[in-house]
Amino acid sequence: MSGCTRAEVCVVACAEAWRGDGEIVASPMGTIPTIGARLARATFEPDLLLSDGEAYFGAGTWPLGEPPEVVEGWIPYQAVFDLVWSGRRHVMMGPSQLDRYGNANISCIGPHERPRRQLIGVRGAPGNTINHPTSYWIARHDRRRLVPRVDLVSGVGHDSAAKAGTAVHLRRVVTDLAVLDFGGEERAMRLVSVHPGVEVADVIAATGFELDVPGEVPRTRVPTDEELRLIRDIDPSGLREREVPA
């Protein structure tokens, strides 16, 4: 089988975010996180529940853009909130801005009173971040997205949660350059691994705040031949390569 692309490395990194979760709902947002969640279920997390994006849970895995061959459950709208509040869901969202402590912005760019760009609004981000595990996917790692401070807090970060006297469950940040978590000092963002072909200096230069960087930073693991086969079966049209071009 041919060598993997950067997009396929990102798929595996997203899949790894669900490792160890067991029987919970995986809720990926975006092409590469969706492939990653299905890959995780097909390999090391067979008990994950996967939605068709509407109201059904599908059995096994299935290609992007197609319905699942077998429906194994139904999730009415009200039940979604039960899952969220009980912590039985792990969402991977795509923030427009993310800062050092994990505050995410999906609402607007610029001051809230007079924004330069109106985005989709706060939506369910606050409930996601304070009630169940949350990870993030950023398809383009740059200083416009990884910022010193978000323009508006939609998803709650560690410093905001501490001020409010609550807790958050931020797991992983996967970008087109690296994998990060919040294991740094005072729960700040820490570099976990860099993707093949990327250097630590590249990640530092593309980040708008000071990263916690350990002494040795490993490479993000590449997919096995079997994982590559599964990725390409799940995404036969190659949509992943549009999200992270080779």
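Before reading on, note that the structure itself is shown above.
What counts and what doesn't
- Residues numbered from 1 in each chain as written.
- Predicted model: local features only at pLDDT ≥ 70, side-chain atom pairs only at ≥ 80, totals over all residues.
- Heavy atoms only, no water.
- Helix = DSSP H or I, 4+ residues; strand = E, 2+ residues; numbered from the N terminus.
- Polar contact = N/O pair within 3.5 Å; in protein donor to acceptor, adjacent residues only side chain to side chain.
- Contact = heavy atoms within 4.5 Å.
- Pairing = 2+ DSSP bridges.
- Axes fitted to C-alpha atoms, helices over the stretch in contact; angles between N-to-C directions.

Colleague: Is there a simple way to explain the side chain of Arg89 in this structure?
Modeller: Mapping Arg89 onto the fold places it in strand 5 (residues 89-93). Within polar-contact distance, the side chain of Arg89 engages the side chain of Ser27 at 3.1 Å. Among residues more than four places away in sequence, those in contact with Arg89 are Ile24, Val25, Ser27, Met29, Leu83, Val84, Asn128, His132 and Pro133.

Colleague: Looking at this structure, I do not really get the sheet that holds strand 12 (residues 178-181). What am I missing?
Modeller: Sheet strands line up and pair through hydrogen bonds in the backbone, either parallel or antiparallel. Taken in spatial order, the nine strands line up as 4-3-2-1-5-10-11-12-13 in an open sheet, and their pairing is mixed. Each of the sheet's edge strands pairs with one partner strand only, and the pair in question is strand 4 (71-74) and strand 13 (190-194). When strand polarity is set aside, the average angle formed by the axes of neighbouring strands in this sheet is 25°. In this sheet, strand 11 (residues 170-175) lies alongside strand 10 (residues 134-138) in parallel orientation, the contact comprising four bridges. Residue pairing across strands places Ile138 opposite Thr175, the latter belonging to strand 11.

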